[in-house]
Structures are given as structure tokens and as C-alpha cells.
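The residues making up each chain are set out below.
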Amino acid sequence: MSQPMSRDAPRQSLVSQAEFAQAVADEVALRAALMDADPVPQLLLQAQLSGDTDLLDQARSQITGGWNYMHTLSPAMCETIRERLIATLKQRAQHTPSHHDDLSPAGFGRALSTGVGAPVGDDYVQMLLEEFNAEKVDARSVAWRRTIPEAARARYHVLIIGAGLSGLCMGIKLREAGIPFTIFEKNATVGGTWYENNYPGCAVDIPNHFYSYAFEPNAQWSRHFARRDELWKYLEHCADKYDLRRHIRFQTEVVAARYDDAQAEWQLTLRDTQGIQTHAAGRILVPAVGQLNRPAIPNIEGIQTFGGPVFHTARWDTSVDLRGQRVAMVGTGASGMQVGPTIAPEVAQLTIFQRGRHWCFPHPNYHRSMQAGTRWALANIPYFASWYRALLFWASGDLMHPLLQVDPTWTQPEVSLNAESHAFREKLLAHLHAELADRPDLIEKTVPTFPPYGKRMLRDNGWFQLLKRDNVALVEGGVARVEPGAVIDRHGQRHAADIIVLATGFQATRLLAELSLVGEDNTNIRSLWGEDNPQAFLGITVPKFPNMFLLQGPNTILSHGGSMFFHTECQVRYVMQCVRELIEGGHAAMQVRAPVYEEFNRRVDAAHAQMVWAHPGVKNWYKNPAGRVTAVSPWRLVDYWKMTAALDPSHYRFAASVD
Ligand code: NAP
């Protein structure tokens, strides 16, 4: 067995002189762009390239956070930063690479701490420095590829289920490493959830320059928070750029996966759109199906008798014209929050059935387009995009994690968990009251009874203004039954409707429920997980399921902040180390040791027991009916990054060598 591997140190590559020369080639365009672009990344870049920290020192007290509106830098200071940066870029374009590009952890930490207005800890510095160079470190896997003969790699064919954001990421990294793989995708194209969800208003509520692969930055996002089409196209672009389509079998559903102990391989049963079954086999299995891909369709009495269109947000029927119709929308979660305000102006009547309440808060950038200058700088100025992403990572990463932790000494446990949670609740309440100041009846109906973050925190997409519209009614308590042409609420009142939209979420806890999944010794995954209690070591590996690596598996969804792209990249790097370990060791199989898996899940449960989920008033899709949190991660991003940074082979049992 080889020694524990650690992730290679980030390669601090120097950007070529030519790239700087290109950035300053048109000084008029450069200056115009920088006048419009965010000043803080300019400040940090200037410090990086020049090694001078005097501007950082001057600006420090005027920056209070990582978001681009969290500074009070004067126009004069912005001009100084801009002109110093232009001069530095010009200098850099004329000289061979300077050592200043090569950021030391201390230099990076100092600049970033100034940029986010708070001290950035060593662990964050280490993680973000690696992120900072992500675009440049792909060479690592390419280099490794050269050390292993193709014949050895060929014996480890990887079968990936799903061409969504995690399956694509896995494919990209396997391709770089020269390891054969096939992706099976039930849809006609890539994109997974961002392909399937095309309801009106569908968008991401995490900033895009962070909600994207670190190795594939996109300077052209049109908005800070992109709409669905743009995100889906980004994933399509990745599939094309990395030439993945020829590895993907579209419109092919994996209906069964069985591990053959004797052959040490996974055998799949596949079904095409005609229902014809075929088979495939490979040594490694990577289910990358996500947790939010099976709509939860409520079993509402009489719904078959309705007589009009009824559809779920994730199965939006684009043939139905909503204009002038009476729409009943069931559910007020993240999807309902986006659908409601988008369709309200065009429908005759929107009746919203609210079963539980949700906290939401506004974000100044939520509807803003990206400034042209920032886009130019992202596309043309070396390192600008990396600084931009690092700032966003900090701003939307772990800052809220402390708010989710129970303080046992806290004196107002019925409404909040600790002092920070309480202060945040006050802010949320102030927003709600300000929005509904003229409608006390709606305040009564909307103030949540549980602490912030008890359910997924929503971005206010104009929700309270929506509720005040003349053609909108908010009905509390959910749906009792449906009759022809109407929905009956819990108080027995009838609401006439032409169309029912189910914004009722997903069956998150029933992970892989539709796949017959059988591991070693004929072990069915349901005998380990039951119907709705999925668990995995690091959310990735499961005993008795050799060579199976889950992506976006149990307890990996993020609830306090962060980006699924980041978590996916952590998982993919870990899986790539497992694949390397298998190939380099010539092992037939590896499986996580049961005590390691059990201990990890005990730690997950213990962490969750100290978090907001322990609050008696909290109900959400993160928990299974027994009350165990199976969907979301309790860890900070940086904790998970550390946990997945280095494979420890002693956590695994390895099976005999492949001949
Ligand atoms: P959700 O958050 O689970 O919300 C479902 C809503 O339907 C809730 O209001 C729920 O009420 C209600 N509901 C469920 N069953 C019901 C029933 N039988 N009768 C009446 N009401 C019922 O689902 P979602 O809005 O689709 O969002 C799911 C997740 O997808 C999000 O949390 C998020 O992770 C992701 N998402 C993200 C974005 C984004 O912008 N990034 C957008 C959409 C979705 P209760 O609250 O009482 O359960």
C-alpha cells in the first residue's frame, strides 16, 4: 500500500508577460473598464503584483466585507488604486515575471483580510490560495497520467451516473488523468437540475463567480446571480470544451447496479427511452445524481379530478399559457419564491397555499447585472477573476455557520439559538415589517416561528410586494383537497383555479431510491439505509459497496452558505485520489471500513444535534421522518475541504490485485 497522499501544493504559476501586455494594449479601454469595475479586487491585485502594501494599509478601515458594496472607498482613493494598478500592469507587461505574482500565504492572507474587512484564518488562507490557482493546477493530473501506462489505466473504467454539475466535473478530471469513463444520462442533454428546472424565474441564489467550477471561471456572467438558461449554457459549454459528449450515453437511465464480487466490477442495467434494456460494466461506479432530482408530489385528495393542468416546478409544462389564468401555487420554498413574483403580473389570480413559513432576506445584487467594467477586468486582467472569486467565497462561505449553532445558555431559545442568530433574526424581522408595514394582516401570516436557518434561507425575490398585489392571495395552512376547478383550503374555503403549480420540493432523503443498488455479498443499499436514511463516509463511500464513490451524497448539501460546485470539487479531488490509489496499487477494489463509516456518521449526528435542526419548531426537507438530518452537511466549507484534502488509505480495505 502506498503512503497517505496529500493534495499537491498549489502551483503558483506566473502569468506570462504577453498576457499582461494584452491587458494594457489598449490603455483607454483598460482605464475605462477599471473606472467601472469594483475597486477592491483592483486594490488586492495591485498589492499582489507590486508587493507594496501601503494602499492596503490606507484602505483597510474602509472595507467591511467581501461583497462589492461593502466599502466606503472615496472616488479619490479609487482613482489612486486604479492609476497605481495601471502603472503596475504596464510595468509587468515590460519585464519578465516578477516574484510578486507568487503570493506567499502571508501576503495572500494580508491582502485578503483587507479585502474582506476581517482577519482571515490560516486554514482559509491555505484553502483559498489553492482555489486562487485552480485554473493553473490542472497540469498535476496530466503529469500523473504520464507516469502510469495506458494499459494500467484502461483496467479502471469508471461508470458515472448523471451528467449534471457533479458528473461533468468527474468526467473532466478523469479525462485529464487519461482514465476511461462513461457517463449515463437519462435526459437528452447535460445539466441535470439546471436542465430540468426551467420554471419561470428559475435562477441561482448564490453568486455565480463562486457558483461555478474554480478551474473554469466565466468572465461573461451577465448577472451576479444568473438565471437558469445561463447556468445551463455554462454546463453545456463545459461539456463541449472538455469534449465530454462522446463519453456520454444520453437518454439512458441506469435502473440497476450490481457489484460482481468475482469479477470485481460493477454491472449496470440500462434502459433507453423505448424501454429497451442493455448492459454495461466497469470497475468503478460514481453515482452523481444529486439529492434534488425526484419531485415530491403531494398526495392531495381529489387532485385527479381537477380538470386543468397540474404540474411540479421541476417538470414545468411550457405548453401551458398562464396569461389571464387563475393559478393555485402550493408551496413557498426556494422554487415558489422565484415562480410567484415572476408569474403574478401576467396571471388573472395567484392563490398561494402556504403550509409552513420561511425566512427570507434581500440581497442588493440579486437582480443586478454585472458592471461592464468588472466583466472586462475579469476577462482581460490576469488574476482579477481569482481575487474576485476569493472575495465572494469569503462573503458567501462560512460566515453564517456560527448562527446555526445552539448556545445552551441562550435565554431566548424559542426564537433564536445564540446572540448572533438573534441579531440576524432582528434584521430579518425589520425587513419583513418594513415591507409589510401597511399590511399587518400579512405580517401575522408570515413571521416564522423557528430560528433563522431552520429551513433553507431564501433570498427575497420581491415576495412581500407580491403578497400585497391585488391579484394575489396568501392562504395559510396548506391544501385540504382538490375539486374540479378549485382547491379547498384547510379551513374549508374554496379557491377557484384553472392551473395548479406544485412548488412542493423534492424527495431529498430517499437518495437513489429508484435505482436497484446491490453491493458486495448481495447487499442491497436499502438494507443499510432503509428507505430514507442515507449515510456515507465523507458523503462519498459506503461499506459493502466497493469502488463506489458518491458525489453530492448524504450530508453534503450546504445549508448555511457555500456553493455546490465547491463541495463537488472537494469530492472529485478525493475520488481522484482513490482512483489513483487503486491504479497505482494495482488493487481490484477498495471499500471504506465499517468502523470509519460509523464513526464519521456519529460525528455528523453529534454536530447536527448542536445545530438549528435540534430546535423543536424546525421541520424541513433535510430530515427524514425519524428526524435524522440526512441531506445537509454540518461542517464549515473549510472543514470539509480539510477532510477531503488527503486520502488516508488506512480508512479502506483493499481487495487483491488485478492480474
Ligand atoms: P422546498 O424548499 O422543499 O419547499 C417546498 C414547499 O412546498 C414548502 O413551502 C413546503 O411547505 C410546501 N409543501 C410541501 N408539501 C406540501 C403539501 N403536501 N401541502 C402543502 N405544502 C407543501 O422545495 P423547493 O422550493 O423546490 O426548494 C428545494 C431546494 O432546491 C431548495 O431548498 C434549494 O436547496 C434548491 N433550490 C435552489 C434554488 C436556488 O436559487 N439556488 C432555487 C430553487 C430550489 P413546508 O415548508 O411546510 O414543508
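Structure's up top.
Thresholds applied
- Residues numbered from 1 in each chain as written.
- Predicted model: local features only at pLDDT ≥ 70, side-chain atom pairs only at ≥ 80, totals over all residues.
- Heavy atoms only, no water.
- Helix = DSSP H or I, 4+ residues; strand = E, 2+ residues; numbered from the N terminus.
- Rg over C-alpha atoms; globule rule 2.2 N^0.38 Å.
- Buried < 20%, exposed > 50% of the residue type's maximum accessible area, 1.4 Å probe, protein only.
- Contact = heavy atoms within 4.5 Å.
- Areas by Shrake-Rupley, 256 points an atom, 1.4 Å probe, with all protein chains shown as cover.
- Arc of directions from axis to C-beta.
- Core = buried A, V, L, I, M, F, W, Y, C linked by side-chain atoms within 4.5 Å.
- Near = heavy atom within 4 Å.
- Polar contact = N/O pair within 3.5 Å; in protein donor to acceptor, adjacent residues only side chain to side chain.
- Nonpolar A, V, L, I, M, F, W, Y, C, P; charged D, E, K, R; others polar.
- Pairing = 2+ DSSP bridges.

Caption draft 1: Geometry of the overall build of the chain. Looking only at helices and strands, the chain features 22 helices and 20 strands. The C-alpha radius of gyration of the chain comes to 26 Å, within 12% of the 26 Å expected for a compact globule of 659 residues. The dimensions of the chain, computed from C-alpha atoms along their principal axes, are 75 × 70 × 55 Å. Counting every position in the chain, which comprises 659 residues, the buried fraction comes to 59%. Taking all contacts inside the chain whose residues are at least 6 apart in sequence as the whole, residues at least 24 apart take part in 74%. Only carbon and sulfur atoms are counted for the fraction: they give 51% of the accessible area of the chain, which is about 25600 Å².

Caption draft 2: Summary view of helix H14 (residues 372-380). Every buried residue of H14 is accounted for by Gly 373, Thr 374, Ala 377 and Leu 378. In a view along the axis of H14, the buried residues occupy a sector of 135 degrees, so they form one face of it. Close packing links the buried residues of H14 with helix H2 (27-36) and helix H15 (384-395).

Caption draft 3: Up close: the nonpolar core. Within the largest apolar cluster, 201 residues are counted, with the highest numbers of intra-cluster contacts made by Tyr 213, Leu 350, Trp 387 and Leu 517. Not counting residues within four places of it along the chain, the set of residues in contact with Trp 387 comprises Pro 41, Leu 44, Leu 45, Gln 48, Leu 103, Phe 108, Ala 111, Leu 112 and Phe 132. Residues Ile 300, Val 479, Ala 497 and Ile 500 belong to the second largest nonpolar core, which totals 13 residues.

Caption draft 4: Highlighting the site of the ligand. Surveying the vicinity of the ligand reveals 23 residues, the closest of which are Ala 334, Ser 335, Arg 355, Lys 455 and Arg 456. Here an oxygen atom of the ligand sits 2.7 Å away from a polar atom, N or O, in the side chain of Ser 335. Considering the ligand on its own, with 910 Å² of exposed area, one finds that the protein chains cover 84% of that surface. Among the elements that make up the shell around the ligand, the one with the highest residue count is helix H13 (residues 334-343) (three residues). Of the residues belonging to the shell around the ligand, the class tally is ten nonpolar, nine polar and four charged.

Caption draft 5: Highlighting the side chain of Asp 123. Along the chain, Asp 123 falls in helix H7 (residues 122-132). A distance of 3.3 Å separates polar atoms of two side chains, one belonging to Asp 123 and the other to Arg 636. Beyond its immediate sequence surroundings of up to four residues, Asp 123 is in contact with Arg 636, Val 638, Trp 641 and Lys 642.

Caption draft 6: Representation of the pairing of strand S4 (residues 252-260) within the structure. Bridge count between S4 and strand S5 (residues 265-272): eight bridges; the pairing is antiparallel. The partner of Ala 257 across the bridge, within S5, is Leu 268. Linking two consecutive strands that pair antiparallel, namely S4 and S5, is a turn of four residues; a positive phi of about 50 degrees is found at Ala 264 within it. Note that S4 and strand S18 (residues 516-518) share three bridges and pair parallel. Bridge pairing links Ala 257 to Leu 517 in S18.

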